[in-house]
Amino acid sequence: EPEVTQTPSHQVTQMGQEVILRCVPISNHLYFYWYRQILGQKVEFLVSFYNNEISEKSEIFDDQFSVERPDGSNFTLKIRSTKLEDSAMYFCASLKDEWTGTIYFGEGSWLTVV
Amino acid sequence: SQQGEEDPQALSIQEGENATMNCSYKTSINNLQWYRQNSGRGLVHLILIRSNEREKHSGRLRVTLDTSKKSSSLLITASRAADTASYFCATDPYRDDKIIFGKGTRLHILP
């Protein structure tokens, strides 16, 4: 079964450093997402991406965050200057089309900011 | 507005028993999905039920949806130790392409 893949699985970074989390969505999907889950808390929406642009973003997704689809397969989340509170599991997800409905998630990338 | 609040927050049952988790939401939806998350792992999609459906089955899973009450339930029959996980409902608000998660139910199956 096709799956969403994410790298790295775990990253430790110094506060203030830039981090790029990478995702390869399912190949024929059109909608892409980033979510995050702080340890022990709920899964929170960050951003959705469709037709090569951001379609929606949450209040969490401030100017420190950016997303990019640099080629036909990768979808990245960049955090420019990490803060301690950015420590979380970041999930990438993709959706084939709005009629299918099922959103598939990757295994996540653990980000620890020290 | 918050969507998809599950209850109970935690549930412990004996292996072989049935587990029922509930989810309530606030706004109109296109569909509702249930996900499982093993500790520290990714979100595994279990089942999607559309707003015009009332019940859906998949193996040992049974999901119901009552749009008049804005609620859904997930029933896992004949539970197994491997079912120990957190279960989340996620709603797809009408005219929105994202899904919003509840806080989840932590299910623990006792041997």
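Here's a quick rundown of the structure. (Residues numbered from 1 in each chain as written. Chains lettered and ligands numbered in written order. Predicted model: local features only at pLDDT ≥ 70, side-chain atom pairs only at ≥ 80, totals over all residues. Heavy atoms only, no water.)

1. Here we look at the overall build of chain B
Across its full length, chain B carries zero helices and 11 strands. Ordered by position from N to C terminus, the α and β elements of chain B give β-β-β-β-β-β-β-β-β-β-β. The C-alpha radius of gyration computed for chain B amounts to 13 Å, which stays within 12% of the reference 13 Å derived for 111 residues, consistent with globular compactness. With respect to the three principal axes, the spread of C-alpha positions in chain B is 45 × 25 × 20 Å. Per-residue burial over chain B gives 48% buried out of 111 residues. Within chain B, contacts between residues at least 6 apart in sequence are counted, and of these 56% link residues at least 24 apart. For chain B, the accessible surface area stands at approximately 5300 Å², while carbon and sulfur atoms represent 45% of it. Chain B carries 15 positive and 12 negative side-chain charges, and their two centres are separated by 2 Å. (Helix = DSSP H or I, 4+ residues; strand = E, 2+ residues; numbered from the N terminus. Rg over C-alpha atoms; globule rule 2.2 N^0.38 Å. Buried < 20%, exposed > 50% of the residue type's maximum accessible area, 1.4 Å probe, protein only. Contact = heavy atoms within 4.5 Å. Areas by Shrake-Rupley, 256 points an atom, 1.4 Å probe, with all protein chains shown as cover. Lys, Arg positive; Asp, Glu negative; His and termini not counted. Charge placed at Lys NZ, Arg CZ, Asp CG, Glu CD.)

2. What to know about the packing of aromatic side chains
Overall, the coordinates contain 14 aromatic pairs over all chains when judged by the stated rule. Judged by centre distance (5.7 Å) and plane angle (85°), the ring pair of A:Tyr35 and B:Phe101 falls under edge-to-face. Of the two residues, A:Tyr35 sits in strand 4 (residues 31–37) while B:Phe101 sits in strand 10 (residues 100–101), which places them in two different chains. The residues A:Tyr35 and B:Phe101 share a single accessibility class, namely buried. Here the aromatic cluster, defined as three or more aromatic residues joined through ring pairs, consists of A:Tyr33, A:Tyr35, A:Phe45, A:Phe91, A:Phe105, B:Tyr35, B:Phe88 and B:Phe101. The ring of A:Phe45 carries the charged tip of B:Lys98 above its face, separated from the ring centre by 5.2 Å. (Phe/Tyr/Trp six-rings, centres within 6.5 Å; stacked < 30°, edge-to-face > 60°. Lys NZ or Arg CZ within 6 Å of the ring centre and 35° of its normal.)

3. Here we look at the interface of chain B and chain A
In many reports, interface size means the accessible area that the parts give up when they come together. With 21 residues of chain B in contact, the opposing surface of chain A contributes 22 residues. Roughly 1700 Å² of surface becomes buried between chain B and chain A when both sides are summed, with 50% attributable to carbon and sulfur atoms. By the criterion of area lost to chain A, the three top residues of chain B are B:Leu43, B:Asp97 and B:Lys98, representing 32% of everything that side buries. The tally of links from chain B across to chain A stands at two salt bridges. At the junction of chain B with chain A, the criterion picks out 10 residue pairs in polar contact (both at pLDDT 80 or more). (Buried area = accessible area lost by both parts, 1.4 Å probe. Salt bridge = Lys/Arg side-chain N within 4 Å of Asp/Glu carboxyl O. Polar contact = N/O pair within 3.5 Å; in protein donor to acceptor, adjacent residues only side chain to side chain.)

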